[in-house]
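What follows is each chain in one-letter form.
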Amino acid sequence: MTTQRLPVLIRLTATLVILCGVLGAGMLPLKAGPPPSPQGQSGTVHFTDSGQALGGNAYSYDVALGDLDGDGDLDAFVANTWDGVSSRTNIIWVNQGGAQGGVPGVFADSGQNLGAESGVAVALGDVDGDADLDAFVLNDGLPAKIWLNSGGLFTDSGQSLVVDLGLAVALGDLDGDSDLDAFVVGNVGRADTVWLNQGGDQGGAPGVFVDSGQTLGPGGNTAVSLGDVDNDGDLDALVGDFGGSTLWLNQGGLQGGAAGVFAQGTTLGSANSLAVVLADLDGDAALDAFLANDGPDQVWLQQGGVLANSGQSLGNAASRGVALADLDGDADLDAFVSVTGPNLVWLNQGGVFSSSGLALGSAASEAVALGDLDGDGAIDAFVANWGAPNKVWLNQTAPPDPQADLMVQASGPVAINIAGTNLVDHKATVTNLGPVTATNVSLTLDTSRIHEISSINDAFGRCFPPNDGEICSYPFFGSGVNHSVNIEYSVVAMNNSVDIYRGGVTSQFSVNSDTTDPNPGNNWAQVGTDIYDCDMAACWLEEFFCVLSFPASSMRSDSSGLISQAIAATQVAFDLPLYYRVRDEILAGSPNGQHYTDLYYTHNAEITTLVLSNTTVMSQALQTIQIWEPNLRALVEGQGDSATITAAQIQAMDDFLQTMSALGSPALQAAITEERAKLPALNTFVGMSMAQARSSVVGYGVYLPVILK
């Protein structure tokens, strides 16, 4: 450990400019920090089979969830090549928990006839602007169909979009005109295409789609996910493929081109990806990618605007689909992967995935969609199976407890003049920021027993003198409630015959309850008040401080208002405790430093008279303080090596010393002359660090731990 040579140039500055304040009080009280916050823990998850077998031995390719009938619960649109029972293919499964008045999470066939085409992919969205969810369906070897929803009943829009071998579709506003367009992924030999909704800038009918004319890539792709990967305000596309997934960048943002026109970007590895999802996986607000592969699944994290392989190799299954949601209630996105075999759940912890240990079902599952199907707050899964009934897996993971976010704030005066009052008022304000009522709320106070609590006031009458720290208790504290408690102390001054600083009082408040609180960091607050006795002001720095800090005080030395005028003229604000620290932590540590303290005591009365009786001298003194204070603060904070003495600082010091010598008594003049003769010329200190100057002027000594690095 090395000693930090606390800066000082101040042999003479310490003598004259600083020493008065430097003669102030002992070290100010240390204030405790907040208690440590508990660390978060990763969640767990548990799924159970609902027992439903939907659609017989259907050959289901895809599923999308949405509130199709507008009754507040999630229904399912399943794209089938065959429903396993009749000539119908695609099926809408209606959740019975809403308008149907049945059990949430139990599904019934709507009976709607959605054509005889073999559906392979579906995306839901309000394509015609009538505030309900429509369906864009890709069919095996036949044109794509747009099914328009009206109150849960779907009708064929009459469009037949030439997408004869489309395999995946995603809806989003690709051209920035506030309606939903479609990015369609083509199978072998069919390029990806972009279909623009004609209801926006195109000026046509909403819900009518026209091919943009783009042919993106050679085809043979498997999946697509839309998101603003480059953070430029438009939607890009990540396309899954055998041999590496490709990022297609929308040219309407940073690229400066036409919105809705795509250009090929980077390729993510070489895995055979059958499903891809863009989402923020590591909580940094940038989009990452989860690739469900025929083989180990992968996580690609965005770093510096580039998607990079995180190195995670998740399992080794034949993954067919993936959906992301917070499955374990820990506020990040987990992955449910549909597999040819048991489905897998991967739990996320900050972008790092680990197996949940779950293996759900045994069918060949083609796709999965996630949502709260039974209304219990946990995310469930609807799985589309090939050659087997569709399954509903209910998440039995307990949702987070209702939360009441209690916050306590503390306020009070920074300082008081005990010559005017011995009462200090501190206030604690408790607010419930959470959505639920907190129960058995307790507000506790930790304070020094030196100062007596004279009164506690609150509007509810629930606060009393401390009993083991507790001052207030509330059986119930409602959401949005804001309540203040005022604590009045009768302060006791520290016995100190030299300084005007007489100690302090600190209140530490904490609040807790029986209700889960997601943000314990705001359950604690403190406020501190320093106590001064301005009737004991013995030097000009203390007089300045008292006038500046307590303007209502009756200052015997400022009856003419000269101090107030000088302070107003220079607009200076200074930190008296800083000068006390210079005295006690720097000068007192060596014989030379103590010499300057003693020298100031000898001439204090005369210096104070000279400064306080002449507004010109007073302003000069204040300006000298102001220019030196940053360096002195660096000095006492152990940062002396980083603070450099400037020519302006030396000039200010030299001018002030000359003024004192010109106006002072023969004894003061002699002292200044003698001390200056002991030092090199002042201008030699220009460019020195405060640490170097301290070593040169004050010398070495025994220092307090605060000045050790």
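Up top is the structure.
The structure presented is a predicted model; accordingly, all values stated were derived computationally and were not measured. (Residues numbered from 1 in each chain as written. Predicted model: local features only at pLDDT ≥ 70, side-chain atom pairs only at ≥ 80, totals over all residues. Heavy atoms only, no water.)

Visitor: Before we move on, can you summarise the overall build of the protein with the specific residues and values?
Guide: Each helix and strand in the protein was counted, giving 9 helices and 38 strands. Taking all 709 residues of the protein together, 52% fall into the buried category. For the protein, long-range pairs separated by at least 24 residues make up 59% of all intrachain contacts whose partners lie at least 6 apart in sequence. Accessible surface computed for the protein: about 28200 Å², of which carbon and sulfur atoms make up 53%. (Helix = DSSP H or I, 4+ residues; strand = E, 2+ residues; numbered from the N terminus. Buried < 20%, exposed > 50% of the residue type's maximum accessible area, 1.4 Å probe, protein only. Contact = heavy atoms within 4.5 Å. Areas by Shrake-Rupley, 256 points an atom, 1.4 Å probe, with all protein chains shown as cover.)

Visitor: Could you give an account of the nonpolar core, naming the residues involved and the relevant values?
Guide: Residues Ile 500, Trp 540, Val 611 and Met 660 are the most contacted members of the largest nonpolar core, which totals 53 residues. Counting residues per element, the ones that place at least two in this core are helix H2 (540–549), helix H4 (576–585), helix H5 (591–612), helix H6 (615–636), helix H7 (647–663), helix H8 (666–678) and helix H9 (690–697). When residues of this core are sorted by domain, at least three fall in each of domain 2 (406–532) and domain 3 (572–696). In this structure, Leu 445, Ile 487, Tyr 489 and Val 511 belong to the second largest nonpolar core, which totals 28 residues. (Core = buried A, V, L, I, M, F, W, Y, C linked by side-chain atoms within 4.5 Å. Domains from an automatic or database assignment.)

Visitor: Lay out the pattern of salt bridges with the relevant residues and their values.
Guide: The full count for this structure, using the stated rule, is 10 salt bridges. The partner of Lys 145 in a salt bridge is Asp 156, with the nearest N and O atoms 2.8 Å apart. Residue Lys 145 is found in strand E8 (residues 142–150), and its partner Asp 156 is found in strand E9 (residues 153–156); the two are separated by 11 residues along the sequence. Residue classification places Lys 145 among the buried residues on the basis of a relative accessible area of 9%. Judged by relative accessible area, which is 35%, Asp 156 ranks as partly exposed. Through salt bridges with shared partners, a single network forms among Arg 581, Glu 585 and Glu 637. (Salt bridge = Lys/Arg side-chain N within 4 Å of Asp/Glu carboxyl O.)

Visitor: Lay out the sheet that holds strand E18 (residues 273–279) with the relevant residues and their values.
Guide: Pairing is antiparallel in the open sheet, where 4 strands are placed in the order E18-E19-E20-E21. Two strands in the sheet have a free side with no partner beyond their single neighbour: E18 and strand E21 (306–309). When the angles between neighbouring strand axes are averaged without regard to direction, this sheet yields 25 degrees. (Pairing = 2+ DSSP bridges. Axes fitted to C-alpha atoms, helices over the stretch in contact; angles between N-to-C directions.)

Visitor: Describe the environment of Thr 215, with residues and values.
Guide: Structurally, Thr 215 is set in the loop between strand E13 (209–211) and strand E14 (221–227). Separated by 24 residues in sequence, Thr 215 and Ala 191 have C-alpha atoms that sit 5.4 Å apart. Sequence-distant contacts of Thr 215, defined by excluding residues within four places in its chain, comprise Ala 191 and Asp 192.

Visitor: Residues and numbers for the layout of surface pockets, please.
Guide: Which parts of space are left empty comes out when a probe the size of a water molecule is rolled across the atoms. Counted as a void, the largest pocket has a volume near 1100 Å³. In terms of lining residues, the largest pocket is bounded by 36 residues, among which Asp 62, Val 169, Val 224, Val 276 and Val 322 are the most central. Counting residues per element, the ones that place at least two in the lining of the largest pocket are strand E2 (59–66), strand E6 (119–125), strand E10 (166–172), E14, E18, strand E22 (319–325) and strand E26 (364–371). Grouping the constituent residues of the lining of the largest pocket by class yields 30 nonpolar, 3 polar and 3 charged. (1 Å grid on protein atoms, 1.4 Å probe; cavity = no way out; pocket = protein on both sides within 12 Å on 5 of 7 lines; lining within 4 Å. Points joined across faces, edges and corners; volume = space filled by probe spheres on them. Nonpolar A, V, L, I, M, F, W, Y, C, P; charged D, E, K, R; others polar.)

Visitor: An account of the state of the cysteines is requested, with residue identities and associated values reported.
Guide: Applying the stated criterion across every chain yields a total of 2 disulfides. Each sulfur of the disulfide joining Cys 463 and Cys 472 lies 1.9 Å from the other. Looking along the S-S bond of the Cys 463-Cys 472 disulfide, the torsion reads about 110 degrees, which is the right-handed sense. Residue Cys 472 is classed as buried on the basis of its relative accessible area, which comes to 1%. A sulfur-sulfur separation of 2.1 Å characterises the disulfide bridge that pairs Cys 534 with Cys 546. Here Cys 534 and Cys 546 share a disulfide; its torsion about the S-S bond, -95 degrees, makes the bridge left-handed. Of the two residues, Cys 534 sits in the loop between strand E38 (524–532) and H2 while Cys 546 sits in helix H2, which places them 12 residues apart along the sequence. For Cys 546, a relative accessible area of 0% corresponds to the buried category. (Disulfide = S-S within 2.5 Å.)

Everything listed is a geometric property; what it means functionally is a separate question.
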